[in-house]
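# Chain and residue survey
The chain contents come next:
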Amino acid sequence: MAEEDVQPGAGGEITMRLWRGDETGGEFADYVMPAVEGEVVLDVIHRVQATQAPDLACRWNCKAGKCGSCSAEINGRPSLMCMTRMDTLPPGETVTVAPMRTFPILRDLVTDVSYNYEVAKRIPPFNPRAKTEDEVEAGGYRMQQIDVERSQEFRKCIECFLCQDVCHVIRDHEENKTSFAGPRFFARSAELEMHPLDVNDRRQLLQEDQGLGKCNITKCCTEVCPEHIKITDNAIIPLKERAVDAKYDPIAWLGRKILNRSKRTPAEAAATSPASGPAAVQPDVEVHGIPVPVGITAKRADAPAPDMTDTTEDAPAV
Ligand code: SF4
Ligand code: SF4
Ligand code: FES
């Protein structure tokens, strides 16, 4: 190794304390490595694999902060290993890297995040209203640019699940996983609920089956999001407001009655939804111990089209 590559201080060495073990147990092991300028934590992990521990397991793909694979806890903070520069960590101190605590350990730094995919299946999918005659003629839906932009923030999600990892509702309470969707999926529901073309109603599902009320807005999820999505302010709080409006606001109730925008009950939705396709109701089954309820997928093909101006665009894929 060239001498100019070695950082000064701490003898030009760094101590990496890495979790080694599997679902049956394990412990931290120390690896002393030469410090190399410009590295991120994942670089050092790869050098440990290459020189001292070829059986060390870690998950990564892009090394560019875009695939969401390399999530871990670096010095106790949920972070992407490929986006954490070594020179941002306290100089001369041991760097501790542990697997995400909220999910079961497969081996070493790799966890089983399949809980998140089961939660994803429980969210009623995008279900656009029918096109108006004007829109059919124009060849696409008409929607305002501001409505397009509102959901763009949530589409930046790389599914690293760091927000899920840090959320105290499930981090220390395994039993809550059956009744709590978590911040990543509140952001996904917000993206769909705020979409002006979508006619599914997820508010009752969020409140009664996905534990929206269990979130006490600590903002920890927002703090660790590598995409800087304002999960709490822009997704969870607006969803809470919508859920409360749906249940208790008499003016909103009256407005829905007058405008014929009342939502269908889960049973009505189940009775009228197609067997497959984007508006299909999720099956009433249990997967990995997580109940998959009959979806609240109220199909509103008859919903009146809102007054749209400005842009003519195809409905964005959701
Ligand atoms: S704001 Fe809510 S969802 Fe986010 S970490 Fe806190 S409790 Fe969990
Ligand atoms: S919302 Fe942010 S922290 Fe959560 S999974 Fe998506 S990118 Fe990761
Ligand atoms: S390796 Fe893809 S986000 Fe880190």
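Residues numbered from 1 in each chain as written. Chains lettered and ligands numbered in written order. Predicted model: local features only at pLDDT ≥ 70, side-chain atom pairs only at ≥ 80, totals over all residues.

## Description of the overall build of the protein chain
Stated precisely, the cut-off is as follows: Numbering of helices and strands runs from the N terminus, with a helix taken as a DSSP run of H or I at least four residues long and a strand as a DSSP run of E at least two residues long. Neighbour density around each residue's C-beta defines its exposure: 20 or more other C-beta atoms within 10 Å make it buried, 12 or fewer make it exposed, and counts between make it partly exposed, where C-beta atoms are placed from the backbone. A pair of residues counts as a contact when their C-beta atoms, built from backbone coordinates, are within 7 Å of each other.
When helices and strands are tallied, the protein chain shows 12 helices and 9 strands. Relative to its 318 residues, the protein chain shows a buried fraction of 35%. For the protein chain, restricting intrachain contacts to residue pairs at least 6 apart in sequence, the fraction spanning at least 24 positions comes to 67%.

## Side note on the site of ligand 1
Filter applied, for reference: Being near a molecule or strand means, for a residue, that its backbone-placed C-beta atom lies within 6 Å of it. We call Asp, Glu, Lys and Arg charged. Ala, Val, Leu, Ile, Met, Phe, Trp, Tyr, Cys and Pro are nonpolar, and the rest, Gly among them, are polar.
With respect to spatial proximity, 13 residues lie near ligand 1, and among them Cys167, Pro183, Cys215, Thr218 and Cys221 are the closest. When contributions to the shell around ligand 1 are tallied by element, the ones reaching two or more residues are α9 (220-224) and α10 (231-248). Residue classes in the shell around ligand 1 are distributed as 9 nonpolar, 3 polar and 1 charged.

## Quick look at the site of ligand 2
Taken together, 16 residues lie near ligand 2, and Cys157, Cys160, Cys163, Arg184 and Cys225 sit nearest. Those elements giving two or more residues to the shell around ligand 2 turn out to be α5 (162-166) and α7 (183-193). A total of 3 residues in the shell around ligand 2 trace back to one element, the largest contributor, which is α7. The residue makeup of the shell around ligand 2, split by class, is 13 nonpolar, no polar and 3 charged.

## Comments concerning the packing of α7 against α10
Just so we agree on the cut-off: Where helices are involved, their axes are fitted lines through C-alpha atoms of the stretch in contact, as for all axes, and angles between N-to-C directions lie from 0 to 180°. Each angle receives one of four descriptions, namely roughly parallel if under 35 degrees, roughly antiparallel if over 145, roughly perpendicular if within 65 to 115, and oblique otherwise. The sense of a crossing depends on the near helix, which, turned anticlockwise from the far helix by less than a right angle, makes the crossing left-handed and, turned clockwise, makes it right-handed.
Contact geometry for α7 and α10: axes closest at 9 Å, N-to-C directions at 65°. The pairing of α7 with α10 is recorded here as roughly perpendicular in orientation. Between α7 and α10 the crossing geometry is left-handed. Contact residues: Pro183, Phe186, Ala187, Ser189, Ala190 and Glu193 in α7; Ile231, Ala235, Ile236, Pro238, Leu239 and Arg242 in α10. Looking at the contact of α7 with α10, its residues break down into 9 nonpolar, 1 polar and 2 charged.

## Considering the pairing of strand β3 (residues 71-74)
It is a general feature of regular strands that their side chains alternate between the two faces of the sheet. Rules: Strands are treated as partners if at least two bridges between them are detected by DSSP.
With 4 bridges connecting them, β3 and strand β4 (residues 77-80) associate as antiparallel partners. Bridge pairing in β4 links Ile74 to Arg77. In textbook terms, the turn of a hairpin is the stretch between consecutive antiparallel strands, and for β3 and β4 this stretch comprises 2 residues, one of which, Asn75, has a positive phi near 50°. Bridge analysis of β3 against strand β5 (residues 95-98) gives 2 bridges, and the strand direction is antiparallel. Bridge pairing in β5 places Ile74 opposite Val97.

These results come straight from atomic positions and should not be treated as a statement about function.
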